[in-house]
Amino acid sequence: MESSTRLYLVPTPIGNLGDITFRAVEVLKGVDRILAEDTRTSGVLLKHYGITTPTESFHSFNEHKRTETIISRIKSGEILALITDAGTPGISDPGFMLARAAADEGIKVECLPGATAFVPALVKSGLPSDKFVFEGFLPHKKGRQTRLEYLKEEPRTMIFYESPHRLMKTLGQFAEVMGPDRNVSVSRELTKKFEETVNGTLEEVIGYFESRSIKGEFVLILEGKSK
């Protein structure tokens, strides 16, 4: 590990436990403590790789409250790693506030390369990947319609995350605002046993999921507006 680094942001597998780098395992074994979004979830991964470093919780509900204390601990000499339940910290997960606070204090931060759900979903979608915009989760209520109307004119490929119980609502709103003929690629359960990707127009993909049980976490890759 780089001796001057005090905080490591470490990506963890989004499904398949094999999708972690040798360096990530080395870092997690070498730091003083691991900050984990859910220590129970992370415990499965850590046990699998024989990582016995102590863990403590750091999640979206305590991120505001704990960031200042953690920065003080780092400045006092602790070397910490942050992991989330799956993927790269800070991408629709806790991590941004801690990374920003560390940067403001001149603390050296390293983010290891690794698993992020939207990259494989984008690359295999067949939609243009030379230029794209990551939207993450749409607002649930306030500002949702305004955001959709704004994105109606977006020419780049758009990337969204969505939960199973909101999938049909979101696809329906895409079709309503952007037209049923807009192309979309929907991936679920990436890297897991039941991984699935469905490509087609919004109308076609809505029809596909209407007759099926909707389970898993979803990545939606939406075609940009044609010029």
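Check the entry above for the structure.
Okay, so let's go over this structure. Since this is a predicted model, take the numbers as computed values, not measurements.

1. What about the pattern of salt bridges?
All told, the structure shown has 13 salt bridges when counted by the stated rule. The salt bridge partner of Glu78 is Arg73, with a shortest N-O separation of 2.7 Å. Among the residues examined, Glu78 registers a relative accessible area of 23% and is labelled partly exposed. Between Glu135 and Arg147 there is a salt bridge, with the nearest N and O atoms lying 2.8 Å from each other. With Glu135 in strand S6 (residues 132-136) and Arg147 in helix H6 (residues 144-151), the pair connects residues that are twelve residues apart, well separated along the chain. Residue Arg147 is classed as partly exposed on the basis of its relative accessible area of 29%. Put simply, Arg33, Glu56, Arg66, Arg73 and Glu78 are held in one network by salt bridges that share partners.

2. As for the packing of aromatic side chains
Centre distance and the angle of the planes are the two values used to describe a pair of aromatic rings. This model, assessed by the stated rule, comprises seven aromatic pairs. Considering the side-chain rings of Phe134 and Tyr161, the 5.2 Å spacing of their centres and the 75° angle between planes classify their relative orientation as edge-to-face. In this pair, Phe134 is assigned in strand S6 and Tyr161 in strand S7 (residues 157-162), connecting sequence segments 27 residues apart. Grouped by ring-pair contacts, the aromatic residues Phe118, Phe132, Phe134, Phe137 and Tyr161 constitute a single cluster. Geometry around Tyr208 places Arg212 over its ring, the cationic atom sitting 3.7 Å from the centre.

3. Quick word on helix H2 (residues 39-48)
Turning to H2, its buried residues are Ser42, Leu45 and Leu46. On an axial view of H2, the arc spanned by its buried residues comes to 100°, and they lie on one face. Across from the buried face of H2, at angles greater than 90 degrees, the exposed residues are Arg40, Val44 and Lys47. On its buried face, H2 is in contact with helix H1 (22-30), strand S2 (33-36), strand S3 (55-57) and strand S4 (80-83).

4. Describing helix H3 (residues 63-75)
Taking 1.5 Å per residue as the helical rise, H3 with its 13 residues ought to reach 18 Å, and the 18 Å between its terminal C-alpha atoms agrees with that figure. Residues Glu63, Arg66, Thr67, Ile70, Ile71, Arg73 and Ile74 constitute the buried set of H3. On the buried face of H3, the contacting elements are strand S1 (7-9), S2, S3, S4 and helix H4 (96-104). Positive backbone phi, at 125°, marks Gly77, one or two positions downstream of H3.

Conventions used here
- Residues numbered from 1 in each chain as written.
- Predicted model: local features only at pLDDT ≥ 70, side-chain atom pairs only at ≥ 80, totals over all residues.
- Heavy atoms only, no water.
- Salt bridge = Lys/Arg side-chain N within 4 Å of Asp/Glu carboxyl O.
- Buried < 20%, exposed > 50% of the residue type's maximum accessible area, 1.4 Å probe, protein only.
- Helix = DSSP H or I, 4+ residues; strand = E, 2+ residues; numbered from the N terminus.
- Phe/Tyr/Trp six-rings, centres within 6.5 Å; stacked < 30°, edge-to-face > 60°.
- Lys NZ or Arg CZ within 6 Å of the ring centre and 35° of its normal.
- Arc of directions from axis to C-beta.
- Contact = heavy atoms within 4.5 Å.
- Expected span 1.5 Å × (residues − 1).

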